[in-house]
Amino acid sequence: MSSHDIFLGETIGTAVLILLGGGVCAAVTLKRSKALNAGWVAITFGWGFAVLTGAYLAGGVSGAHLNPAVTIGLAIEGGTKWSDVPLYLASAMLGAMIGAVLVWLVYYGQFQAHLTDPEVLAAHRTDGDEGMVDPKAAPKAGPVLGIFSTGPEIRNPIQNLMTEIIATVVLVLAILTQGLNDGGNGLGVLGALITSLVVVGIGLSLGGPTGYAINPVRDLGPRIVHALLPLPNKGGSDWSYAWIPVVGPLIGGALAAFIYKLF
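Residues numbered from 1 in each chain as written. Predicted model: local features only at pLDDT ≥ 70, side-chain atom pairs only at ≥ 80, totals over all residues. Heavy atoms only, no water.

## What to know about the overall build of the protein
For step 1, the next point in the chain: When its secondary structure is counted, the protein shows 11 helices and 0 strands.
For step 2, the next point in the chain: Ordering the α and β elements of the protein from the N terminus gives α-α-α-α-α-α-α-α-α-α-α.
For step 3, the next point in the chain: Taken over C-alpha atoms, the radius of gyration comes to 18 Å for the protein, in line with the 18 Å a tight globule of 263 residues would show.
For step 4, the next point in the chain: Seen along its three principal axes, the alpha-carbon backbone of the protein occupies a region of about 65 × 35 × 30 Å. (Helix = DSSP H or I, 4+ residues; strand = E, 2+ residues; numbered from the N terminus. Rg over C-alpha atoms; globule rule 2.2 N^0.38 Å.)

Now the structure itself:
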């Protein structure tokens with residue numbers, strides 16, 4: 001694959017992944033959305049379909065990593081050249097940011113309505129605001145941060161990190177072992193479907209504690225966009241947590257590759 005192929009495939013594929021994945025989060029979260037309160041099952045299947053669409057779009061062009069954890073795992077396993085890794089990572093990051101901006105454009109009116117709603121604002125007061133009685137409480141996420149990035153239900157860095165590591169090991173092992181099928185030829189286009197179903201399974205089974213980033217750029221790129229967008233009353237971007245959905249998946253991807261090579 002040429003550098004042009006990698007850049008084009010990973011940028012477009014990841015942008016579509018985040019557009020559809022962030023889009024289902026927006027649909028379920030924002031007032032004046034027809035899918036408001038559709039729930040966790042809708043989110044997990046929405047992200048699964050997002051992976052499926054992005055992978056089909058990019059598979060024949062760049063191999064459809066769409067995830068630095070996958071890129072690192074494939075590089076350790078030997079299927080990706082280390083010299084190509086920086087381009088894969090940079091392209092995925094760019095695509096993730098583009099996808100997050102597109103979510104904002106699609107739901108522009110809903111963002112405005114949600115972030116100016118008195119009930120929403122009252123429910124997301126931060127520690128320094130009037131009415132908060134516990135000064136030691138963890139700061140609440142902004143009203144729409146969950147559309148752009150993940151966050152823990154219980155803020156415990158060790159548990160949160162382990163959750164992301166374990167969930168990413170499952171994802172990357174499922175991708176690596178596809179190469180053991182059909183005499184080593186893999187699953188072809190069927191692999192994208194299998195991977196998307198694995199993502200749904202991870203979301204349903206392991207996504208409850210942290211929101212299952214399992215992809216550094218899926219979290220970091222949109223989080224940066226959240227910090228930059230001119231959203232009224234958006235609150236903070238929770239940078240104190242932001243390292244966990246980056247470091248956890250990278251460790252998980254590397255660990256999955258070592259497990260694959262060992263066994």
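## Considerations on the packing of helix α10 (residues 216-228) against helix α11 (residues 244-262)
For step 1, the next point in the chain: For the pair α10 and α11, the least separation of the axes is 8 Å and the interaxial angle reads 160°. As far as their axial angle goes, α11 and α10 are roughly antiparallel. Viewed along their axes, α10 and α11 form a crossing whose handedness is left-handed. In this structure, α10 uses P216, D219, L220 and R223 to contact α11, whose residues at the interface are P245, V246, P249 and L250.
For step 2, the next point in the chain: Looking at the contact of α10 with α11, its residues break down into 6 nonpolar, no polar and 2 charged. (Axes fitted to C-alpha atoms, helices over the stretch in contact; angles between N-to-C directions. Parallel < 35°, antiparallel > 145°, perpendicular 65-115°, else oblique. Left-handed = near helix turned anticlockwise from the far one by under 90°. Contact = heavy atoms within 4.5 Å. Nonpolar A, V, L, I, M, F, W, Y, C, P; charged D, E, K, R; others polar.)

## Let's talk about the pattern of salt bridges
For step 1, the next point in the chain: A complete count under the given rule lists 4 salt bridges for this structure.
For step 2, the next point in the chain: Measuring nitrogen to oxygen at the nearest pair gives 3.2 Å for the salt bridge that ties D117 to K31. With D117 in the loop between α5 (108-115) and α6 (118-123) and K31 in the loop between α1 (3-29) and α2 (40-62), the pair connects residues that are 86 residues apart, well separated along the chain.
For step 3, the next point in the chain: On the accessibility criterion, K31 (25% relative accessible area) is partly exposed.
For step 4, the next point in the chain: In this structure, the salt-bridge partner of R223 is D219, at a minimum N-O distance of 2.7 Å. Note that R223 and D219 are positioned in helix α10 at a spacing of 4 residues, about one turn of the helix. In this pair, the class of R223 matches that of D219, namely buried.
For step 5, the next point in the chain: Sharing partners across several salt bridges, the network here consists of K31, D117 and E119. (Salt bridge = Lys/Arg side-chain N within 4 Å of Asp/Glu carboxyl O. Buried < 20%, exposed > 50% of the residue type's maximum accessible area, 1.4 Å probe, protein only.)

## Quick look at the packing of aromatic side chains
For step 1, the next point in the chain: Summed over the entire model, instances satisfying the criterion amount to 4 aromatic pairs.
For step 2, the next point in the chain: When the ring of W40 is compared with that of Y212, the centres are 5.8 Å apart and the planes differ by 70°; the resulting orientation is edge-to-face. Highlighted residues: W40 in helix α2 and Y212 in the loop between α9 (190-206) and α10, separated in sequence by 172 residues. (Phe/Tyr/Trp six-rings, centres within 6.5 Å; stacked < 30°, edge-to-face > 60°.)

## What to know about unusual backbone geometry
For step 1, the next point in the chain: In the Ramachandran plot, A64 falls in the positive-phi region, its phi being about 55° despite a non-glycine side chain.
For step 2, the next point in the chain: Along the chain, A64 turns up in the loop between α2 and α3 (68-77).
For step 3, the next point in the chain: Given the relative accessible area of 17%, A64 is considered buried.

## What about a nonpolar patch on the surface?
For step 1, the next point in the chain: Taken together, the side chains of F7, L8, I12, L57, L94, I98, V101, L102 and L105 define a hydrophobic patch exposed on the protein surface, amounting to about 710 Å² of accessible area.
For step 2, the next point in the chain: In this structure I98 comes out as partly exposed when scored by relative accessible area, which is 35%. (Patch = residues over 30% accessible without salt bridge, like charges linked within 9 Å, V, L, I, M, F, W, Y side chains within 5 Å. Areas by Shrake-Rupley, 256 points an atom, 1.4 Å probe, with all protein chains shown as cover.)

## Concerning the nonpolar core
For step 1, the next point in the chain: Core analysis: the largest hydrophobic core is formed by 41 residues, its most contacted members being W47, F111, V144, I147, F148 and L231.
For step 2, the next point in the chain: Counting residues per element, the ones that place at least two in this core are α1, α2, α4 (85-106), α5, α7 (145-148), α8 (157-176), α9 and α10.
For step 3, the next point in the chain: Those residues within four positions of F148 in sequence are excluded, and the remaining contacts are A100, F111, R218, D219, P222, R223, V225, H226, L229 and L231.
For step 4, the next point in the chain: Ranked by size, the runner-up nonpolar core spans 16 residues in total, among them L74, A75, I76 and A254. (Core = buried A, V, L, I, M, F, W, Y, C linked by side-chain atoms within 4.5 Å.)

## Quick word on the confidence of the model for the protein
For step 1, the next point in the chain: Looking at the protein, the pLDDT average stands at 92 and 92% of residues meet or exceed 70.
For step 2, the next point in the chain: Low confidence marks residues 127-138, where pLDDT is under 50. Its contacts with residues over four positions away, or in another chain, come to 11 contacts. (pLDDT = per-residue confidence, 0-100.)

## Notes on empty space enclosed by the protein
For step 1, the next point in the chain: Under the defined criterion, the tally for this structure stands at 1 cavity of 30 Å³ or more.
For step 2, the next point in the chain: For the largest cavity, the full set of lining residues is I18, G22, W47, A100, V103, I147, F148, R218 and P222.
For step 3, the next point in the chain: Mapped by element, the contributors of at least two residues to the lining of the largest cavity are α1, α4, α7 and α10.
For step 4, the next point in the chain: The residue inventory of the lining of the largest cavity, partitioned by class, reads 7 nonpolar, 1 polar and 1 charged. (1 Å grid on protein atoms, 1.4 Å probe; cavity = no way out; pocket = protein on both sides within 12 Å on 5 of 7 lines; lining within 4 Å. Points joined across faces, edges and corners; volume = space filled by probe spheres on them.)

## Quick notes on the side chain of S62
For step 1, the next point in the chain: Looking at the secondary structure, you find S62 in helix α2.
For step 2, the next point in the chain: According to the relative accessible area criterion, S62 is buried, its value standing at 0%.
For step 3, the next point in the chain: In terms of polar contacts, S62 uses its side chain to reach the side chain of E10, at 2.5 Å.
For step 4, the next point in the chain: Residues within four places of S62 in sequence aside, it is in contact with M1, D5, I6, G9, E10 and Y88. (Polar contact = N/O pair within 3.5 Å; in protein donor to acceptor, adjacent residues only side chain to side chain.)

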